[in-house]
Structure formats: C-alpha cells, structure tokens
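# Observations on the model geometry
Listed below are the residues making up each chain.
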Amino acid sequence: MGDRLHLAIGVMGNAASLLLYAAPILTFARVMKKKSTEEFSCIPYIIALLNCLLYTWYGLPVVSYRWENFPVVTINGLGILLEISFILIYFCFTSPREKVQIKVVGIVVTVFTVFCITAVVSSFLFHDHHHRKLFVGSVGLVASVAMYGSPLVVVRQVILTKSVEFMPFYLSFFSFLTSLLWMAYGLLGHDLLLASPNLAGTPLGILQLVLYFKYRKRGIMEEPNKWDLESNDEKSKQLQPVINNDSDCKI
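First, a word on what this report is: a plain description of the structure on this page.

Procedures and definitions
- What you see as residue numbers is a count from 1 along each chain, following the sequence as written.
- Residue-level local features of this predicted model are given only where pLDDT is at least 70; pairs of side-chain atoms are given and counted only at 80 or more, and the full residue set underlies all totals for whole chains, interfaces and linings.
- As a rule here, side-chain values cover all heavy atoms of the structure and leave hydrogens and water aside.
- Any residue with relative accessible area above 30% and no salt bridge may belong to a patch, with like charges joined within 9 Å and the nonpolar Val, Leu, Ile, Met, Phe, Trp and Tyr side chains within 5 Å.
- Calculation of accessible area relied on Shrake-Rupley with a 1.4 Å probe; when residues are assessed, cover is drawn exclusively from the protein chains displayed.
- Should a side-chain nitrogen of Lys or Arg be within 4 Å of a carboxyl oxygen of Asp or Glu, the pair is scored as a salt bridge.
- Numbering of helices and strands starts at the N terminus; helices are DSSP runs of H or I of at least 4 residues and strands are runs of E of at least 2.
- Think of it in three bands: residues with accessible area under 20% of the maximum for their type are buried, residues over 50% are exposed, and the middle band is partly exposed, with areas taken using a 1.4 Å probe on protein chains only.
- Residue contacts are defined here by distance: any two heavy atoms, one from each residue, within 4.5 Å place the two residues in contact.
- Lining residues are those with an atom within 4 Å of a point, where the points come from a 1 Å grid over the protein atoms alone and group into cavities, where a 1.4 Å probe fits but cannot get out, or pockets, open sets with protein on both sides within 12 Å along at least five of seven lines.
- Grid points are joined across faces, edges and corners, and a volume is the space filled by probe spheres set on the points.
- Only Asp, Glu, Lys and Arg are considered charged, only Ala, Val, Leu, Ile, Met, Phe, Trp, Tyr, Cys and Pro nonpolar, and every remaining residue, Gly among them, polar.
- Side-chain atoms within 4.5 Å link the members of a nonpolar core, which is a set of buried Ala, Val, Leu, Ile, Met, Phe, Trp, Tyr and Cys residues.
- The axes are straight lines fitted to the C-alpha atoms, using for helices just the contacting stretch, and the angles between their N-to-C directions are given from 0 to 180°.
- The scheme is simple: roughly parallel for angles under 35 degrees, roughly antiparallel for over 145, roughly perpendicular for 65 to 115, oblique for anything else.
- Left-handed is the label given to a crossing in which the near helix is rotated counterclockwise from the far helix by less than a right angle, and right-handed is the label when the rotation is clockwise.
- The arc refers to the directions leading from the helix axis to the C-beta atoms.

### A closer look at a nonpolar patch on the surface
On the surface, a cluster of nonpolar side chains totalling about 260 Å² of accessible area is made up of Leu18, Leu78 and Leu81. Of note, Leu81 is situated in helix H4 (residues 70-93). For Leu81, a relative accessible area of 58% corresponds to the exposed category.

### Some points on the environment of Leu60
Secondary-structure assignment places Leu60 in the loop between helix H3 (43-59) and H4. Separated by 12 residues in sequence, Leu60 and Val72 place their C-alpha atoms 8.7 Å apart. Dropping the residues within four chain positions of it, Leu60 is found in contact with Arg66, Trp67 and Val73.

### What to know about the layout of surface pockets
When its volume is computed, the largest pocket comes out at roughly 290 Å³. Around the largest pocket sit 18 residues that line it, and Phe40, Ser41, Cys42, Tyr90 and Val100 are the ones nearest its centre. Looking at which element gives the most residues to the lining of the largest pocket, the answer is helix H5 (residues 100-124), with four residues. Of the voids in this model, the second largest pocket is the one considered here, and its volume is about 160 Å³. Looking at which element gives the most residues to the lining of the second largest pocket, the answer is helix H2 (residues 25-34), with three residues. When its residues are assigned to classes, the lining of the second largest pocket shows six nonpolar, one polar and two charged.

### Describing the nonpolar core
Tyr21, Ile46, Tyr58, Ile87, Val104 and Met147 are the most contacted members of the largest nonpolar core, which has 45 residues in total. If you list the elements that add at least two residues to this core, you get helix H1 (2-22), H2, H3, H4, H5, helix H6 (129-149), helix H8 (169-188) and helix H9 (192-250). When neighbours within four sequence positions are excluded, Tyr58 is seen to be in contact with Val63, Ser64, Asn69, Lys133, Val136, Gly137, Asp191, Leu193 and Leu194. In terms of nonpolar packing, the next biggest core, distinct from the first, is built from eight residues, Val154, Val164, Met167 and Tyr215 among them.

### Here's the deal with the packing of H3 against H5
A pair of packed helices is characterised by two quantities: the angle between their axes and the separation of those axes. Taken N-terminus to C-terminus, the directions of H3 and H5 make an angle of 15°; their axes are 10 Å apart at the nearest point. It follows that H3 is roughly parallel to H5 by the angle criterion. The chirality of how H3 crosses H5 is right-handed. Counted together, Ile46, Leu49, Leu50, Leu53, Leu54 and Trp57 of H3 and Val104, Ile107, Val108, Val111, Phe112, Val114, Phe115, Thr118, Ala119, Ser122 and Ser123 of H5 form the full contact between these two elements. Residue classes in the contact of H3 with H5 are distributed as 14 nonpolar, three polar and no charged.

### Examining H2
Of all the positions in H2, only Thr27, Phe28 and Val31 are classed as buried. With its buried residues spanning 90° around the axis, H2 presents them on a single face. When the buried face of H2 is taken as reference, the exposed residues oriented beyond 90 degrees from it are Leu26 and Lys33. If you follow the buried residues of H2, they end up packed against H3 and H4. At the C-terminal side of H2, Lys35 shows a positive phi close to 55°.

### Observations concerning the environment of Lys103
Inspection of the secondary structure assignment puts Lys103 in helix H5. For Lys103, a relative accessible area of 56% puts it in the exposed group. Sequence separation between Lys103 and Cys42 is 61 residues, and the spatial gap between their C-alpha atoms is 9.9 Å.

The following block contains the structure:
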C-alpha cells in the first residue's frame, strides 16, 4: 500500500510539474505576438533550467540507486527542453538596447557551469550512491528553493504598481501545487533531499497566491482611470479655443 501511494503521488507530482513547466506557454505566446518581452523577467526560467538539470542528474542511476527515482528523471528531462525553448524565445524578442541579452547569456553560462561542476564532482569524488545523492541533493536544494522563490523577483513591482500583470497566476499556482506534491513524495519515500526544498517551496507558493488575489482586481481597475484622464484632456483642449474666443470678444 505504501509503495502504491508513493508511486501515485509521484505520478501526480509529474503531472503538476508538467503543468508548472508548461504554464509560461501563454506568456511566451504573448511575447511572440507583441514581439516584445515587456516587463517579464527571464530569471525564473533560467533557475528552473538549473533545477531540471540537477534533478535529472539526481534521478539517474549514476547518483540514485538504479531507477528508484525514475519519475524525477522523466519530468525534469522534459522540463529541460521546455525551459531552453522559453529562454531562446526570450532571447530573440528582448530589446538589444537594454543589454538584457548579454545578461541572459551570462546567467545561462553560469547555470551550465554549476551543473557541469556538480556532475563531475559527484561522479569522480564520491564512490557510492549515498554520498552522491547527498551532494547533488544539497546543490539541488538550493536550486529548488531559488526556483520556487524566483517569481518573487516581480513581487516588488506587483506591490508598487498594485497590478499582477507580470506575475502570471498559473505559474504561481502550479509552483505551489508541485512543491506540495513533491514534498509528500519525498516524505513517503523517506528522501529528505527531495522533501526539504519543497518544505520551503510550499509557503513561497502560498505567498505568491496571496499577493495575486490581493492585487488582482486593483490591477484591472487602473485602465478605466487612464481612459478617463485622456478623455478629460481632450475635452479641456476642445474648450480652450472657446474660452479664448469669448475673451477676445469682450476685449
């Protein structure tokens, strides 16, 4: 019964992770339509790429014992392809004037460097699965917490503008759901290295959802005010010649 429940939670975790990794598809459809990245940040997708690379390596038989973490390999392998696609789209449509492309390349190179160092060290310096899992899992712990918290990069902007336009709901929601399920998967399998990053990811996901529902309606209310101001400006411009003409007649 315990093994079946563990497998079932792993399958649900895979499904939730797939939705999390696929959530930005709508965002990047908007980017391609407008041919601009606007105020969206690429950092969450780059950190997610690092997380996928590390946990794919963690689940492979080189680190784990045989295929005990096969569900971890499948979903993170797919996540690598999706995150690379998102980063490439972002790179193509971001403005060259802001030198964002150079920053994106620099961060991506750093991510692959960290992954390569982790893979080499775990393969050649450690000679048993326990210590390899401990090392790779510790690095993955940092990457996972960073991934679940990366949407908080735009939290300051959300609070200042009182708009959630650039903090997509589905990214926050599936981040929370994924961390909750993988936390359960790690605890049922007595794998604290899988459970511990999600212990941090769950409250971070809740925080993002609270911010979204707090500022969701306020963001929508801003547009009518903008149009009212523009219409008032136009009316004032139309009234100005009339006032001038009246004053001329009096003189």
